[in-house]
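An overview of the molecular structure
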Amino acid sequence: MKTYSIGQLAERCGIATQAIRYYEQERLMPKPQRTESNYRRYPEEHVARLQFILQAKQWGFTLDEIRELLILQDANGDRAQAKRIAEEKLIKVREQIRYLSKIESVLSKTLSECSGEGPMKEGCPIVEAITDGK
């Protein structure tokens, strides 16, 4: 069975070795086997688990949410719980999209109002919009 050192695992997954140690400390990654000289050795399934963690982070899941999903997966838990976690995440994502859409609209409007010329003392619609908190 192929195993990886922490450096090889980090390189394979594109993250720092410190991140792997942190995920172990946070109990997202299981403790790896150790060699006689106390070096960590990670089996292939740790690669998949680490890739899951990284992908879930990219999707905006928090470490607590990721931990919950991993616990469910490890225990062959109820899909309803995983669905609840995903539904809660979707609500938060939609709220963020609404907020970002508002920012996009205001920025677009103020950019079209700004000539980009002259001194700031004459007023700047971009700065004014940020100051007003529109």
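Report on the accompanying structure. (Residues numbered from 1 in each chain as written. Predicted model: local features only at pLDDT ≥ 70, side-chain atom pairs only at ≥ 80, totals over all residues. Heavy atoms only, no water.)

**Some words on unusual backbone geometry**
- One non-glycine residue, Arg27, adopts positive backbone phi at about 65°.
- By the secondary structure assignment, Arg27 is in the loop between helix H2 (17–25) and strand S2 (33–34).
- Residues other than glycine seldom take positive phi values, yet Asn76 does so here, at roughly 55°.
- Here Asn76 lies in the loop between helix H4 (63–74) and helix H5 (79–113). (Helix = DSSP H or I, 4+ residues; strand = E, 2+ residues; numbered from the N terminus.)

**Details of helix H3 (residues 44–58)**
- Its 15 residues place the ends of H3 22 Å apart at the C-alpha level, agreeing with the 21 Å of an ideal helix rising 1.5 Å per residue.
- Three or more residues of H3 are buried, namely His46, Val47, Arg49, Leu50, Ile53, Leu54 and Ala56.
- For H3, the elements touching its buried residues are strand S1 (3–4), helix H1 (6–13), H2, strand S3 (40–43) and H4.
- One or two residues past the end of H3 sits Gly60, with phi positive at roughly 95°. (Expected span 1.5 Å × (residues − 1). Buried < 20%, exposed > 50% of the residue type's maximum accessible area, 1.4 Å probe, protein only. Contact = heavy atoms within 4.5 Å.)

**Overview of the sheet that holds S3**
- The strand order across the open sheet built from 3 strands is S1-S3-S2, with neighbouring strands paired in antiparallel fashion. Pairing within the sheet leaves two strands with one partner each, and these edge strands are S1 and S2.
- Alignment of S2 against S3, held across 2 bridges, turns out to be antiparallel. Each bridged residue has a counterpart across the sheet, and for Arg34 the counterpart in S3 is Arg40.
- Packed on one face of the sheet, H3 meets S1 and S3 and runs near 80° to S3. (Pairing = 2+ DSSP bridges. Axes fitted to C-alpha atoms, helices over the stretch in contact; angles between N-to-C directions.)

**Quick word on the packing of aromatic side chains**
- This model, assessed by the stated rule, comprises 1 aromatic pair.
- Across the ring face of Phe61, the terminal group of Lys89 is positioned such that the distance to the ring centre comes to 5.7 Å. (Phe/Tyr/Trp six-rings, centres within 6.5 Å; stacked < 30°, edge-to-face > 60°. Lys NZ or Arg CZ within 6 Å of the ring centre and 35° of its normal.)

**Thoughts on the packing of H5 against helix H6 (residues 125–132)**
- Packing of H5 against H6 brings their axes to within 8 Å, and their N-to-C directions diverge by 145°. Of the residues in H6, those touching H5 at Val106, Thr110, Leu111 and Glu113 are Pro125, Ile126 and Ala129.
- Of the residues that constitute the contact of H5 with H6, the class distribution is 5 nonpolar, 1 polar and 1 charged. (Nonpolar A, V, L, I, M, F, W, Y, C, P; charged D, E, K, R; others polar.)

**What to know about the nonpolar core**
- Counting residues in each nonpolar core, the largest one holds 22 residues, and the members touching the most others are Leu9, Ile20, Tyr23, Leu50, Ile53 and Ile66.
- Those elements that place two or more of their residues in this core are H1, H2, H3 and H4.
- When residues of this core are assigned to their parent elements, the largest contribution, 5 residues, is made by H3.
- Ignoring sequence-local partners within four residues, the contact set of Tyr23 consists of Ile15, Leu28, Met29, Leu50, Ile53, Leu54, Lys57 and Leu63. (Core = buried A, V, L, I, M, F, W, Y, C linked by side-chain atoms within 4.5 Å.)

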